[in-house]
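Summary of the model geometry
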Amino acid sequence: MVTRVGVPKEIKNHEYRVGLTPGSVRELTSSGQTVLVQTGAGAEIGFSDDDYRAAGAEIAATAEQVFASADMIVKVKEPQPAECRMLRPGQLLFTYLHLAPDPEQARLLMESGCTAIAYETVTDRNGRLPLLAPMSEIAGRMAIQVGAVALQKSTGGSGVLLGGVPGVLPGKVLVIGGGVVGANAARMALGLGADVVIADRSVPRLAQLDDLFGPRLKTVYASVDALDKLVAEADLVVGAVLVVGAAAPKLVKRAQLARMRKGSVLVDVAIDQGGCFETSHATTHSDPTYIVDGVVHYCVANMPGAVARTSTEALNHATLPFAQALAVKGWKRALAEDPHLLAGLNVHAGAITHPAVAEALGHPFQDPNSLLAG
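Just so we're clear, the structure is a prediction, and the values are computed from it rather than from any experiment.

Conventions adopted
Residues numbered from 1 in each chain as written. Predicted model: local features only at pLDDT ≥ 70, side-chain atom pairs only at ≥ 80, totals over all residues. Heavy atoms only, no water. Helix = DSSP H or I, 4+ residues; strand = E, 2+ residues; numbered from the N terminus. Rg over C-alpha atoms; globule rule 2.2 N^0.38 Å. Buried < 20%, exposed > 50% of the residue type's maximum accessible area, 1.4 Å probe, protein only. Contact = heavy atoms within 4.5 Å. Areas by Shrake-Rupley, 256 points an atom, 1.4 Å probe, with all protein chains shown as cover. Expected span 1.5 Å × (residues − 1). Polar contact = N/O pair within 3.5 Å; in protein donor to acceptor, adjacent residues only side chain to side chain. Disulfide = S-S within 2.5 Å.

1. Some words on the overall build of the protein
- Across its full length, the protein carries 14 helices and 15 strands.
- Relative to a compact globule of 374 residues, whose C-alpha radius of gyration would be 21 Å, the protein shows 21 Å and is just as compact.
- Its C-alpha atoms give the protein principal-axis dimensions of roughly 65 × 45 × 35 Å.
- Scored against the burial criterion, the 374 residues of the protein give a buried share of 55%.
- Here the contacts in the protein between residues at least 6 apart in sequence split such that 63% fall between residues at least 24 apart.
- Accessible area of the protein: about 15000 Å², with a carbon and sulfur share of 55%.

The structure is reproduced here in structure tokens:
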């Protein structure tokens, strides 16, 4: 049983989310856990230290105090190098990791000796990703919001209004990937009145989307030829492709940018997993876009952090039951009793324990089931 749960303040650029809300803290303290929250951890989104104290938390002055005394660390974003170096053998980390495109983080986590469970690879009985879904919903909706702003001439875009006006055609939006991100992006783009195409390689998924949105949404099988034509015609392309635990495939090549209208926009929601555009590299909320061959790229690696209050509450609704199970039962028993939570185990005692992560990083894979005996 975990006795001390630690919540440090996030330190990634413009990251205001927090691992536990005061409501989640109350749930944990009610089940006998001690929760230590770094001062100011939730202040930027309206959760004061007094709110956490009222929920039963203790307040720590520094991140070092949180990491030093907690048995389990609950975060939002992947630990930064300074945080990785504060982790220790036997300590449990529960957060987003996105290790496939980040060998340095993987190395530091392995060297720490900690046990790291990644939100993004926890599954459910239907093969979905319940802890990634709420952030995917938000990122998908935000992709259209930020893409619309990036299309404005003042921000380097072509000056196209996605919804058009009477007498002027709407902008063309291409969404690559029909999962949670893609469906939410399509929903927002259709709501603005854009001309929307969604491309995917799953015909059953395209049929579901057709049933969901009706004839306003155009669906296309994502062949190389189809994407080549659609990318050239689009004002806004949203990359929404996910391969669980692995690096995202590069579906839009640099050569294709030359055929796009200058000032068109690419929004790469897959950037946490390395990005699905060949010209993508991670950006931050303070400097979110760059231009390659006249095409605006938005590649912020923590998009939901821009709407941190909504994101924190949505994430906590999904993660809290798992956090409770880990805290009350300890990681080994919790994972033994729940194969879907076991799928979230990425690193343990210096070894990579998720097959897709191991393959992406070129490390040996240790079967996590071998850790549960005894």
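2. Comments concerning helix 7 (residues 180-192)
- Here helix 7 contains 13 residues, and its C-alpha end-to-end distance of 19 Å stays within 8% of the 18 Å for a straight helix at 1.5 Å per residue.
- Every buried residue belonging to helix 7 is among Val181, Gly182, Ala183, Asn184, Ala185, Ala186, Ala189 and Leu190, and all of these are buried.
- In this fold, the buried residues of helix 7 make contact with helix 6 (133-150), strand 7 (172-176), strand 8 (195-200), helix 8 (203-213), strand 9 (217-221) and strand 10 (236-239).
- Immediately beyond the C-terminal end of helix 7, within one or two residues, lies Gly193, with a positive phi of roughly 95°.

3. Regarding the environment of Thr123
- Within the secondary structure, Thr123 is located in the loop between strand 6 (115-118) and helix 6.
- Between the C-alpha atoms of Thr123 and Pro89, which are 34 residues apart in sequence, the distance is 26 Å.
- In this structure the side chain of Thr123 is engaged in a polar contact, spanning 3.2 Å, whose partner is the side chain of His340.

4. Considering the state of the cysteines
- What the rule picks out here adds up to zero disulfides.
- Between Cys84, a cysteine without a disulfide, and Cys114, which holds the nearest cysteine sulfur, the sulfur-to-sulfur distance is 7.6 Å.
- Exposure remark for Cys84: the relative accessible area of 2% places this residue in the buried category.

5. Some remarks on the side chain of Thr283
- Along the polypeptide, Thr283 turns up in the loop between strand 11 (265-268) and strand 12 (289-292).
- On the accessibility criterion, Thr283 (10% relative accessible area) is buried.
- Aside from chain neighbours lying at most four places away, what touches Thr283 is Pro288, Tyr290, Cys299, Val300 and Ala301.

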